[in-house]
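Spelled out, the chains give:
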Amino acid sequence: MNHLNEEELIEHYYSTGVDAAQEHLEQCAQCAEAFAALKSDLGEFVAIEPPARNAAYGDQVWHSITSLLPVHEPRKSNWLRLNLWPGLGYAAACALLAAIAFSAGRQWEHRQVQTAVKVTPLPAQHPQQPAAEPVPPRERVVVVVLSDHLDRSERLLVELKHADADSAETVSPLREEARSLLAANRICRQDAKKIDDPDLAEALGHLDHVLAELADRQGSLTAADLARLQNEMSADGLLFQVRVLRSRIPNRRTDKTARSEGGEI
Amino acid sequence: MVRMGQEDHAAIRAVLAGDKDAYGALVVRHSASLFRVAFRITGNEADADDVVQEAFLRGYRKLDSFESRSNFGTWIYRIAVRCALDRIGGRKVDERHRVAEAADPEQDQVQVADHAAGPDRLLLSGEIGALQEAAMHSLTPTERTAFVLRHMEDRTTEEIAAVLGVAPNAAKQAVFRAVHKLRLRLSPLRVSI
């Protein structure tokens with residue numbers, strides 16, 4: 001059994017709760033005797049009672065020092081500073097968070113635009129158009145899809161215009177391409193109606209009719225069928241319309257950008 | 001206690017706003033407690049009075065650094081202890097109260113009972129008190145202050161450490177050393193019955 005040293009006894013003497021030393025003292029007579037001696041010694045040192053001071057002691061102290069005290073300059077700002085610092089700290093933290101969020105958002109948006117452009121590159125732009133034009137990413141994707149659709153449609157119409165009904169090798173791929181374009185054309189047509197673009201909707205309607213005729217034709221395409229389709233195209237000026245729409249796409253985007261830059265800002 | 005704290009803070013705001021007399025309320029309210037601890041540390045009435053005045057002067061000059069969430073009583077108490085510590089550290093110990101290591105053997109022959117409070121002990125109590133005071137003066141200022149705060153002011157080790165500006169373990173060691181020295185000083189007085 002390890003006996004308690006003087007420091008442990010002193011610590012136990014001043015402790016308020018029951019500790020390990022208490023258990024030891026109950027079992028060890030030698031340590032209990034040492035503790036009793038310590039207790040007796042420290043018990044002799046009763047708290048020194050200071051000489052009595054009368055009720056006016058505080059006033060006496062005040063009068064003895066009052067002439068030595070300078071007047072404090074009003075320091076409202078000091079108290080304001082104490083109260084404002086936490087608030088300013090929070091405000092600074094919020095501003096920092098907002099700046100970080102804004103910067104991260106900008107970075108993310110920039111990367112998204114770059115990705116969209118890489119996946120579906122725009123056709124050659126108008127020579128007068130600036131190279132890096134800020135267009136909202138969603139609109140740019142839609143424009144690219146429509147542009148691609150009109151591009152393919154234009155090629156189909158050109159081939160259809162010059163097609164020879166006697167050559168099955170020429171006509172058969174046109175029907176496949178027409179079927180492929182038909183679904184996309186209907187989606188584009190719906191979008192044109194939604195964005196309230198009657199010219200585009202009308203042209204896509206004509207295109208839809210020609211594509212449907214070509215795609216849905218059962219059996220082989222006769223010379224009469226082909227001639228009728230070619231006449232419809234010519235009557236409607238469909239190829240011309242598609243070319244005009246195709247060329248309008250960059251201009252439409254430029255107009256919208258100019259409107260947002262000049263009108264809203 | 002809360003009300004006193006609010007009154008103290010109101011007085012401090014007034015003082016910092018230029019109302020010097022508002023400090024008087026703080027002085028009146030806390031002088032007695034400062035005098036008590038100052039006397040216990042210095043062991044001298046005149047020194048204790050000086051310590052009280054000096055503590056309030058220091059407190060007034062530092063008042064603009066007082067943090068509004070603190071307790072003024074605790075704050076000025078610590079300043080007073082520091083003032084008392086400086087005072088006993090700076091003065092030469094009065095030789096009249098010193099008990100030298102190589103004391104006159106005749107002095108050591110003053111004997112008292114260990115546990116019983118007999119008539120002899122009562123007769124010698126005044127002399128014992130003087131010897132205790134001399135033993136207290138044999139301590140270093142830090143040991144004496146730590147012992148007074150622990151034994152007489154019933155302060156915790158953490159509070160003592162904060163007042164002395166030392167680590168809690170250092171404060172505890174100061175109390176240990178003080179008790180050890182005091183017991184050593186008074187051991188010749190103890191005889192077994």
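Along each chain, residues carry numbers from 1 onward, in the same order as the chain's sequence is written. Lettering for chains starts from A, numbering for ligands starts from 1, and both go in the order in which the items are written. Note on the predicted model: pLDDT of at least 70 is required for a residue's local features to be given, and 80 or more for side-chain atom pairs to be given and counted; whole-chain, interface and lining totals, by contrast, use all residues.

Caption draft 1: How the structure looks around the overall build of chain B. Numbered from the N terminus, helices here are DSSP runs of H or I no shorter than four residues, and strands are runs of E no shorter than two. Across its full length, chain B carries nine helices and two strands. Secondary structure elements of chain B, listed N to C terminal, follow the sequence α-α-α-α-α-β-α-α-α-α-β. Around each residue's C-beta, the other C-beta atoms within 10 Å are counted; 20 or more make the residue buried, 12 or fewer make it exposed, and counts in between make it partly exposed. All C-beta atoms are placed from the backbone. When burial is assessed residue by residue, chain B has 37% of its 193 residues classed as buried. For chain B, long-range pairs separated by at least 24 residues make up 66% of all intrachain contacts whose partners lie at least 6 apart in sequence. For every residue pair, C-beta atoms are placed from the backbone, and the pair is scored as a contact if these atoms sit within 7 Å.

Caption draft 2: Spatial organisation of the packing of helix H8 (residues 198–216) of chain A against helix H9 (residues 223–236) of chain A. Residue and element names in this part refer to chain A. Helix axes are fitted to C-alpha atoms over the stretch in contact, other axes to C-alpha atoms as well, and angles between N-to-C directions run from 0 to 180 degrees. In the contact formed by H8 and H9, the axes pass within 11 Å of each other and the chain directions differ by 175 degrees. Our classification of the angle between H8 and H9 gives roughly antiparallel. Residues His206, Val210, Glu213 and Leu214 of H8 pack against Leu229, Glu232, Met233 and Asp236 of H9. Put simply, Ala, Val, Leu, Ile, Met, Phe, Trp, Tyr, Cys and Pro go in the nonpolar bin, Asp, Glu, Lys and Arg in the charged bin, and everything else, Gly too, in the polar bin. Considering only residue class, the contact of H8 with H9 consists of four nonpolar, one polar and three charged. Orientation is classified from the angle alone, with under 35 degrees giving roughly parallel, over 145 giving roughly antiparallel, 65 to 115 giving roughly perpendicular, and any other angle giving oblique.

Caption draft 3: Seen up close, the interface of chain B and chain A. Contact with chain B, which involves 39 residues of that partner, is made by 32 residues of chain A. Secondary-structure elements contributing two or more residues to the side of chain B that touches chain A are helix H1 (2–16), helix H2 (22–42), helix H3 (45–61), helix H7 (141–152) and helix H9 (168–186) of chain B. When residues of the side of chain B that touches chain A are assigned to their parent elements, the largest contribution, eleven residues, is made by H2(B).

Caption draft 4: A look at the nonpolar core. A set of buried Ala, Val, Leu, Ile, Met, Phe, Trp, Tyr and Cys residues, joined to one another through C-beta atoms within 7 Å, is what we call a nonpolar core. By size, the foremost hydrophobic cluster in this structure holds 56 residues, and its most contacted members are Leu34(B), Ala38(B), Val52(B), Ala55(B), Ala80(B), Ala84(B) and Ala146(B). The element that contributes the greatest number of residues to this core is helix H4 (residues 72–90) of chain B, accounting for ten residues. Residue contacts for Val52(B): discarding those within four places in its chain leaves Val61(A), Ser31(B), Leu34(B), Phe35(B), Ala38(B) and Ala80(B). Ranked by size, the runner-up nonpolar core spans 25 residues in total, among them Val171(A), Leu181(A), Leu211(A) and Leu226(A).

Caption draft 5: Structural context of the confidence of the model for chain B. All names here are of chain B. For every residue, the pLDDT score states the predictor's confidence, bounded by 0 at the bottom and 100 at the top. Confidence along chain B averages 81 in pLDDT terms, with 77% of residues attaining 70 or more. Here residues 92–117 is modelled with pLDDT under 50, and outside its nearest four sequence neighbours on either side it reaches 36 contacts, counting other chains as well. Reported for the predicted complex are a pTM of 0.51 and an ipTM of 0.76.

Caption draft 6: Highlighting the confidence of the model for chain A. Residues and elements named next belong to chain A. For chain A, the average pLDDT comes to 76, and 74% of its residues sit at 70 or higher. The least confident element of chain A, judged by mean pLDDT, is helix H10 (residues 238–264) at 60; the most confident is helix H4 (residues 57–65) at 93. The low-confidence segment residues 253–265, where pLDDT is below 50, has five contacts with residues more than four positions distant or belonging to other chains.

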